[in-house]
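Summary of structural features
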Amino acid sequence: MTNIILLGPPGAGKGTQAHKLVAERGMVQLSTGDMLREARTSGTEMGKRVAEVMDRGQLVTDEIVIGLIEEKLDTVKAPGFIFDGFPRTLKQADALGALLERHGQTLGAVIEMKVDDEALVSRITGRFTCGDCGAVYHDVTHPTKVAGVCDACGSTNLKRRADDNEVSLRTRLMEYYKKTSPLVGYYYHAHLLSSIDALASVETVADEIAKVLDKAGK
Ligand code: AP5
C-alpha cells in the first residue's frame with residue numbers, strides 16, 4: 001500500500017471517498033479540514049483565529065497546516081495515508097515531499113477529482129456529517145435511513161458546517177482556483193497525476209479510484 005492525495009475543490013467528494021478507502025483498504029485519512037475543526041473547538045487564541053478564517057472560506061496559514069501534518073506523520077503509523085485537503089498550496093506540496101522523504105516514504109498517486117462548479121453548490125448546501133464517526137450525508141442524494149440517526153454508528157450527533165453556505169463556498173472555490181489548482185501541473189510533471197470524473201455516482205468514483213490504485217500496483 002502507499003500514500004495518495006485526493007485533490008479537488010470543496011464538495012468534490014474527497015471526504016466521502018477517503019472514508020470508503022479507510023473502511024475497505026485500511027488506509028488512514030489525514031484531513032487537515034478535520035484537524036482544523038478540532039483545533040477550533042479548543043477555545044485557544046489560535047483556535048479562534050482558525051475559526052474566523054475557515055468561516056470566511058479562506059485558507060489557514062501554511063505554517064499551521066504543515067505543522068499539523070508533521071505531527072501526524074511523526075506519531076501515526078499506517079499502511080498508507082490518504083491526504084484529504086492537503087496540500088493546498090505549492091509551499092505545502094514542497095513541505096509534504098520533504099516530510100515524506102524524511103520518513104522514508106513516497107507518494108504513489110495524486111487523484112484529481114474533477115467536478116462542475118454548479119454541482120458543488122447543491123452538494124455543499126445539502127451536506128451534513130456525523131459528529132462521532134465522520135460519515136458524510138446529503139439531504140437529497142444520501143439521507144440517513146432513519147431521520148436524525150447515523151447509519152454507520154447510530155449516533156444522533158449529526159452536524160452541519162459553519163462554512164457550508166453559498167457565500168463562503170464562492171470564496172473557497174476562488175481560493176481553490178488561485179492557490180490549489182497549480183498543484184495539478186505540479187503533480188502532472190512529477191508523473192503522479194490521475195484525473196477522474198467526480199460528477200459520477202459515489203460508487204463509480206470509488207471504482208475509478210480503485211483502478212488508479214490497482215494500476216499503480218497498490
Ligand atoms: P476541508 O474540510 O478540507 O473542506 P473542503 O476542501 O472545502 O472540502 P469539503 O470537505 O467541503 O468537501 P469534500 O471534497 O470532502 O466533499 P464531501 O465528500 O464532504 O477544508 C475546510 C477549510 O479548512 C478550508 O476552507 C480552509 O479554511 C481550511 N483548510 C483545510 N485544509 C487546509 C490546508 N491544507 N491549507 C489551508 N487551509 C486549509 O462531499 C460533499 C457532499 O457531496 C456530501 O453531502 C456528499 O454526500 C456529496 N457527494 C460526495 N460525492 C458525491 C457523488 N459522487 N455524487 C453525489 N453526491 C456526492
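Our subject is the structure that appears above.
Here is what the cut-offs are and how they apply
Residues numbered from 1 in each chain as written. Predicted model: local features only at pLDDT ≥ 70, side-chain atom pairs only at ≥ 80, totals over all residues. Heavy atoms only, no water. Helix = DSSP H or I, 4+ residues; strand = E, 2+ residues; numbered from the N terminus. Expected span 1.5 Å × (residues − 1). Buried < 20%, exposed > 50% of the residue type's maximum accessible area, 1.4 Å probe, protein only. Arc of directions from axis to C-beta. Pairing = 2+ DSSP bridges. Axes fitted to C-alpha atoms, helices over the stretch in contact; angles between N-to-C directions. Contact = heavy atoms within 4.5 Å. Parallel < 35°, antiparallel > 145°, perpendicular 65-115°, else oblique. Nonpolar A, V, L, I, M, F, W, Y, C, P; charged D, E, K, R; others polar. Phe/Tyr/Trp six-rings, centres within 6.5 Å; stacked < 30°, edge-to-face > 60°. Lys, Arg positive; Asp, Glu negative; His and termini not counted. Salt bridge = Lys/Arg side-chain N within 4 Å of Asp/Glu carboxyl O.

Compared with an ideal rise of 1.5 Å per residue, which puts 15 residues at 21 Å, helix α7 (residues 166–180) spans 20 Å between its outermost C-alpha atoms and is within 8% of the ideal. Of the positions making up α7, those classed as buried are Ser-168, Leu-169, Arg-172, Leu-173, Glu-175, Tyr-176 and Thr-180. Down the axis of α7, the smallest arc covering the buried residues is 160 degrees, so these residues share one side. More than 90 degrees from the buried face of α7, the exposed residues found are Val-167 and Lys-178.

Let us now look at the sheet that holds strand β4 (residues 107–114). Sheet architecture is open: five strands sit in the order β2-β3-β1-β4-β8, paired in parallel fashion. The open sheet has two edge strands with one neighbour each: β2 (28–31) and β8 (193–197). On average, each strand axis in the sheet is tilted by 25 degrees relative to the strand beside it, whichever way the strands run. Pairing between strand β1 (residues 3–7) and strand β3 (residues 81–84): three bridges, direction parallel. Paired with Ile-4 across the bridge in β3 is Ile-82. Relative to β3, helix α1 (residues 14–25) is tilted by about 170 degrees, and along the sheet it contacts β1, β2, β3 and β4.

At a minimum axis separation of 10 Å, helix α2 (residues 32–40) and helix α4 (residues 62–75) run at an interaxial angle of 100 degrees. Between α2 and α4, the angle falls in the class roughly perpendicular. Across from Thr-32, Met-35 and Leu-36 in α2, the residues of α4 making contact are Ile-64, Val-65, Leu-68, Ile-69 and Lys-72. Within the contact of α2 with α4, the residues separate by chemical class into six nonpolar, one polar and one charged.

A few words now on the packing of aromatic side chains. Where two aromatic rings form a pair, the distance of their centres and the angle of their planes describe that pair. Under the criterion given, the structure shown has four aromatic pairs. With centroids separated by 5.5 Å and ring planes inclined at 20 degrees, the aromatic side chains of Phe-128 and Tyr-137 adopt a geometry described as stacked. Taking the relative accessible area as the measure of exposure, Tyr-137 reaches 4% and is therefore buried. An angle of 80 degrees between the planes, with centres 5.6 Å apart, marks the rings of Tyr-176 and Tyr-177 as edge-to-face. Assessed through its relative accessible area of 8%, Tyr-176 is described here as buried. In this structure Tyr-177 comes out as partly exposed when scored by relative accessible area, which is 37%.

Tracing the backbone through its elements, the reader meets Asp-84 in strand β3. Buried and unpaired, Asp-84 has no salt bridge, with Lys-14 as the nearest side chain of opposite charge at 5.1 Å. Not counting chain neighbours up to four residues away, the residues in contact with Asp-84 comprise Leu-6, Lys-14, Gly-15, Ala-18, Gln-29, Leu-30, Ser-31 and Thr-32.

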